[in-house]
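Spelled out, the chains give:
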Amino acid sequence: MQETDEEIALRVQKGETELFGELVERYQTKLLRYGRKFLSDSDDVKDIVQDIFIKSYQNIQSFDTSRRFSPWIYRIAHNEYVNALKRRAARHTVFDFDIDTLLPHLAAPDTADSATMERDLRATLEAHLDKLDAKYREPLILYYLESMDYKEISDILQIPVSTVGVRLGRARARLKEIAGDTII
Amino acid sequence: MNDDTSFKQSVMQRIAKGSIQMRPRWHFVLLSTLFAVGVLIFLLALMYAVSLLVFFLHQSGAWFAPSFGARGWFSFFRSLPWLLVLLLGVFVIVLEVLVRRYSFVYKKSLLTSVLVLFAAVLFGGFAVSQTPLHRQLTLFARHGVLPPFIGDLYRPPFRLRSDDVFDGVIVATTSHGVVMSDEEDDATTSVIIGPHTRLPYGANFTPGDRIIVVGDRDDDVIEAFGIREVENEEEYESER
């Protein structure tokens, strides 16, 4: 039976450093895809992904093996990609205040046609993703392309679970505006 | 570049050569402990500042002014050092930014966590103000055993009040009201109690009572809008 990411991470922490390569293999494609979508296929994504693995190795002793490895490494990736976006942007605010996190929101329950909607959305994401703000692009990528749940996205972005739902809702609405009748 | 192999090769070669090192666990334990201790000290410092504010308002009498109704509340708010209150608000926001890295904080909305922090600082500060800490430090300051800055902070008179709040000790009662001694000098002030004077705890004043008065002063006469005895101050007075 294949070892879980967390089991491998634990063995790396205990000194079997060569096993870190297994984690690199498992996550390199995902992180490249995430980076290319998030940074709109920037040339430096490969360098950034390499930095993510280096930082993951350097900091792996801070990983709590009782929790899931995936949100932990995606959090590092998120920070690296956000830093890359800030470096690229001419304007850069030190304090990124986000009104979505200000008020408590109720998480919207999934509706019966959610699955159909997801399929349609997934199909149109590729074409229109780069037209969305990074704030809305990122939860869409994590939810639809990386198949993460709200809680994992909440841990990666460090925002309330309900805010994940709000951002996804707004991102879907924005996509609908952009793509017109091709979705929903 | 073949993505499937290049990352693994590149990273593992650097690990093997020792050009990238795994930071030891104690490094993260130390960092998170220092951070948590720093946050705790910051939180306690804010509670201390709030408790000091409550203590000063208590000592100046402004704390009791709201018992006289709307005008009392107005006097109370005028007594507040708003720059310090604003600064405390800013520090609570800074504290929020610091603790937002913890999952039990970022999983809450910003408004909820800021309100909880404000409540914690206010209630914590109020709780500390109810302990003998500040009174004890005031006594130490009086005996000159505190370092200069702290000593100056705790040296009366505590002037944290608006110009219509007064306190003193009754030296005599008259047909118009009472005569009270000003604690800062040896002068006395006549306090006129009229039909509109608010007496939330009655008018049974006797010489020796410490009172708080809200009213308009004209030389050594105060037309009292509200007057009340301040309870539980005898012990403190005898200490002073």
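Residues numbered from 1 in each chain as written. Chains lettered and ligands numbered in written order. Predicted model: local features only at pLDDT ≥ 70, side-chain atom pairs only at ≥ 80, totals over all residues.

1. A look at the overall build of chain B
Link 1 in the chain: Along the backbone of chain B there are nine helices and five strands.
Link 2 in the chain: Start at the N end of chain B and walk to the C end: the helices and strands fall as α-α-α-α-α-α-α-α-β-β-β-β-β-α.
Link 3 in the chain: For 240 residues, the compact-globule formula gives about 18 Å, and the C-alpha radius of gyration of chain B, at 27 Å, lies well above that figure.
Link 4 in the chain: Along the longest, intermediate and shortest principal axes, the C-alpha atoms of chain B span 100 × 40 × 25 Å.
Link 5 in the chain: The buried share of chain B, reckoned over its 240 residues, is 26%. (Helix = DSSP H or I, 4+ residues; strand = E, 2+ residues; numbered from the N terminus. Rg over C-alpha atoms; globule rule 2.2 N^0.38 Å. Buried ≥ 20, exposed ≤ 12 C-beta atoms within 10 Å, placed from the backbone.)

2. Things to note about the interface of chain A and chain B
Link 1 in the chain: With 29 residues of chain A at the contact, the number on the chain B side is 23 residues.
Link 2 in the chain: Elements with a contribution of two residues or more to the side of chain A that touches chain B: helix H2 (20–38), helix H3 (45–58) and helix H7 (150–157) of chain A.
Link 3 in the chain: Its residues assigned to classes, the side of chain A that touches chain B shows 14 nonpolar, 12 polar and three charged. (Contact = placed C-beta atoms within 7 Å. Nonpolar A, V, L, I, M, F, W, Y, C, P; charged D, E, K, R; others polar.)

3. A look at the domain arrangement of chain B
Residues and elements named next belong to chain B.
Link 1 in the chain: Once the domains are mapped, chain B shows domain 1 (26–153) and domain 2 (165–239).
Link 2 in the chain: Look at where the C-alpha atoms of domain 1 and domain 2 centre, and you get two points 31 Å apart.
Link 3 in the chain: At the interface, 14 residues of domain 1 touch 13 residues of domain 2.
Link 4 in the chain: Elements supplying a minimum of two residues to the side of domain 1 that touches domain 2: helix H3 (70–79) and helix H7 (133–142).
Link 5 in the chain: Tallying contributions element by element places H3 first for the side of domain 1 that touches domain 2, with four residues. (Domains from an automatic or database assignment.)

4. What to know about the nonpolar core
Link 1 in the chain: A:Ala9, A:Val24, A:Phe53, A:Ala77, A:Leu140 and A:Ile153 are the most contacted members of the largest nonpolar core, which totals 44 residues.
Link 2 in the chain: Listed by contribution, the elements that provide at least two residues to this core are helix H1 (5–13), H2, H3, helix H4 (69–88), helix H6 (134–145), H7 and helix H8 (161–179) of chain A together with helix H1 (3–17) of chain B.
Link 3 in the chain: Ranked by the residues each element gives to this core, the list is headed by H2(A), at seven residues.
Link 4 in the chain: Each of domain 1 (5–88) and domain 2 (99–182) of chain A contributes no fewer than three residues to this core.
Link 5 in the chain: Beyond its immediate chain neighbours, meaning those up to four positions away, A:Ala77 contacts A:Leu31, A:Tyr34 and A:Ile52.
Link 6 in the chain: By size, the runner-up hydrophobic cluster in this structure holds 35 residues, among which are B:Val50, B:Phe55, B:Met180 and B:Ile211. (Core = buried A, V, L, I, M, F, W, Y, C linked by C-beta atoms within 7 Å.)

5. Here we look at the domain arrangement of chain A
All names here are of chain A.
Link 1 in the chain: In terms of domains, chain A is made up of domain 1 (5–88) and domain 2 (99–182).
Link 2 in the chain: Listed per partner, the contact involves 12 residues of domain 1 and 12 residues of domain 2.
Link 3 in the chain: Of all the elements in the fold, those that place two or more residues in the side of domain 1 that touches domain 2 are H2 and H4.
Link 4 in the chain: The leading source of residues in the side of domain 1 that touches domain 2 is H4, at six residues.
Link 5 in the chain: Grouping the amino acids of the side of domain 1 that touches domain 2 by side-chain chemistry returns five nonpolar, three polar and four charged.

6. What about the pairing of strand E4 (residues 210–218) of chain B?
Residue and element names in this part refer to chain B.
Link 1 in the chain: Inspection of the sheet shows strand E1 (residues 165–173) paired to E4 by five bridges, in the antiparallel sense. Bridging from a neighbouring strand, Asp-167 pairs with Ile-212 of E4.
Link 2 in the chain: Here eight bridges tie E4 to strand E5 (residues 221–229), and the two strands are oriented antiparallel to one another. Its bridge partner lying in E5, Ile-212 is registered against Arg-228.
Link 3 in the chain: A loop of two residues connects E4 with E5, the two strands running antiparallel in sequence, and Asp-219 in this loop sits at a positive phi of about 55 degrees. (Pairing = 2+ DSSP bridges.)

7. Quick notes on H3(B)
Residues and elements named next belong to chain B.
Link 1 in the chain: Of the positions making up H3, those classed as buried are Gly-72, Ser-75, Phe-76 and Ser-79. The arc that holds the buried residues of H3, viewed along the axis, is 100 degrees, so those residues lie on one side.
Link 2 in the chain: Packing partners of the buried residues in H3 comprise helix H2 (25–60), E1, E4 and E5. (Arc of directions from axis to C-beta.)

8. Some words on the packing of H2(A) against H4(A)
All names here are of chain A.
Link 1 in the chain: Between H2 and H4, the least distance of the axes is 11 Å, while the angle of their chain directions is 35 degrees. The hand of the H2/H4 crossing is right-handed. Residues Tyr-27, Leu-31, Tyr-34, Gly-35 and Phe-38 of H2 lie in contact with H4, whose contacting residues are Ile-73, Ala-77 and Tyr-81. (Axes fitted to C-alpha atoms, helices over the stretch in contact; angles between N-to-C directions. Left-handed = near helix turned anticlockwise from the far one by under 90°.)

9. Quick notes on the pairing of E1(B)
Residues and elements named next belong to chain B.
Link 1 in the chain: For E1 and strand E2 (residues 177–182), the ladder comprises five bridges, and the chain directions are antiparallel. Considered in E2, the bridge of Val-169 is made with Ser-181.
Link 2 in the chain: Here E1 folds back onto E2 in antiparallel fashion, the turn holding three residues.

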